[in-house]
Amino acid sequence: MTKEKFHIEYIFDKVSQKSLWNHLTTPPGLSAWFAEEVMINGNIYTFRWNRTTEEAELVSMKPGITVRYRWVEEDDARAYFEFIIHPIELTGATALEITDFAEPDDKADSINLWDSQIEALRRTLGI
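Being a predicted model, the structure only gives us computed values, none of them experimental. Once a new chain begins, its residue numbering starts again from 1 and follows that chain's sequence as written. Whole-chain, interface and lining totals are the exception, using all residues; otherwise, since this is a predicted model, local features are given only for residues with pLDDT of at least 70 and side-chain atom pairs are given and counted only at 80 or more. Just so you know, side-chain values use all the structure's heavy atoms and leave hydrogens and water out.

Asks: Help me understand the sheet that holds strand 7 (residues 93–102), please; the structure alone is not making it clear to me.
Replies: What links the strands of a sheet is backbone hydrogen bonding, and the strands pair in either a parallel or an antiparallel sense. Strands were regarded as paired on the criterion that DSSP finds at least two bridges between them. Under the scheme used here, helices are H or I runs from DSSP no shorter than 4 residues and strands are E runs no shorter than 2 residues, and both carry numbers assigned from the N terminus. Spatial strand order, 1-7-6-5-4-3-2: 7 strands in an open sheet with antiparallel pairing. Each having just a single partner strand, strand 1 (4–12) and strand 2 (37–41) make up the two edges of the open sheet. Taking each pair of neighbouring strands and ignoring which way they run, the sheet shows an average axis angle of 25°. Inspection of the sheet shows strand 3 (residues 44–49) paired to strand 4 (residues 52–62) by 6 bridges, in the antiparallel sense. Bridge pairing in strand 4 links Arg 48 to Thr 53. Lying on the sheet, helix 1 (residues 17–25) is in contact with strand 1, strand 2, strand 3, strand 4, strand 5 (66–71), strand 6 (81–88) and strand 7; it crosses strand 6 at an angle near 180°. By definition, residues are in contact when any of their heavy atoms lie within 4.5 Å. Each axis is a line fitted through C-alpha atoms, taken for helices only over the stretch in contact, and angles between the N-to-C directions span 0 to 180 degrees. The sheet contacts of helix 3 (residues 107–125) involve strand 1, strand 6 and strand 7, and relative to strand 1 the element is tilted by about 25°.

Now the structure itself:
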């Protein structure tokens, strides 16, 4: 079954874009909310949860703006997950846009998982 691309946007009030960026790209930042442990070797990020380990390749990055990862074990060559940070000029808030892929039957579960992860990110950022 082909995976579908989906986008989710989260709004962060009173957060430093630099701090948010560090939480999306560095081992200490990612291990604070995304995985229990994160290691980087070249452009391969290794994520560990309990006894599960997954590797993702850093596909592209525009520092401070966007980072795209692709799971190494992913069967769908089009699939990736991406974080995009952009300011909301009217309010001064910061938006985090996430692009991901899921099978149609799993899309709601994937969105719920991101919602949960972003709540952990908010707590880590102190907001």
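Here the narrative resumes.
Asks: Honestly, unusual backbone geometry in this entry has me stumped. Any pointers?
Replies: Look at Lys 14: it is not a glycine, yet its phi comes out positive at around 55°. Assignment of secondary structure puts Lys 14 in the loop between strand 1 and helix 1. We call a residue buried when its accessible area falls under 20% of the maximum for its residue type, exposed when it is over 50%, and partly exposed in between, using a 1.4 Å probe and counting protein chains only. Using a relative accessible area of 81% as the deciding quantity, one classes Lys 14 as exposed. Even without being glycine, Asn 50 reaches a positive phi, approximately 45°.

Asks: Got a minute to help me understand the pattern of salt bridges in this structure?
Replies: Two side chains carrying opposite charge are able to pair once their charged atoms lie near each other. Should a side-chain nitrogen of Lys or Arg be within 4 Å of a carboxyl oxygen of Asp or Glu, the pair is scored as a salt bridge. Applying the stated rule across the entire model yields 6 salt bridges. Across the pair Glu 74 and Lys 3 runs a salt bridge whose closest N-O atoms are separated by 2.9 Å. Residue Glu 74 is found in the loop between strand 5 and strand 6, and its partner Lys 3 is found in the segment before strand 1; the two are separated by 71 residues along the sequence. Relative accessible area serves as the criterion here: at 21%, Lys 3 is assigned to the partly exposed category. Arg 48 serves as the salt-bridge partner of Glu 36, at 3.5 Å between the closest nitrogen and oxygen. Here Arg 48 lies in strand 3 and Glu 36 lies in the loop between helix 2 (27–31) and strand 2, a separation of 12 residues in the sequence. Take Glu 36: its relative accessible area is 45%, and that puts it in the partly exposed class.

Asks: What should I look at first to understand the side chain of Gln 117 in this one?
Replies: Tracing the backbone through its elements, the reader meets Gln 117 in helix 3. Assessed through its relative accessible area of 17%, Gln 117 is described here as buried. Counting of polar contacts relies on pairs of N or O atoms within 3.5 Å, with two restrictions inside protein: one atom must be capable of donating a hydrogen and the other of accepting it, and residues adjacent in sequence are counted only when both atoms are side-chain atoms. A distance of 3.0 Å separates a polar atom in the side chain of Gln 117 from the backbone oxygen of Trp 33. Setting aside residues no more than four positions away along its own chain, Gln 117 makes contact with Trp 33 and Phe 34.

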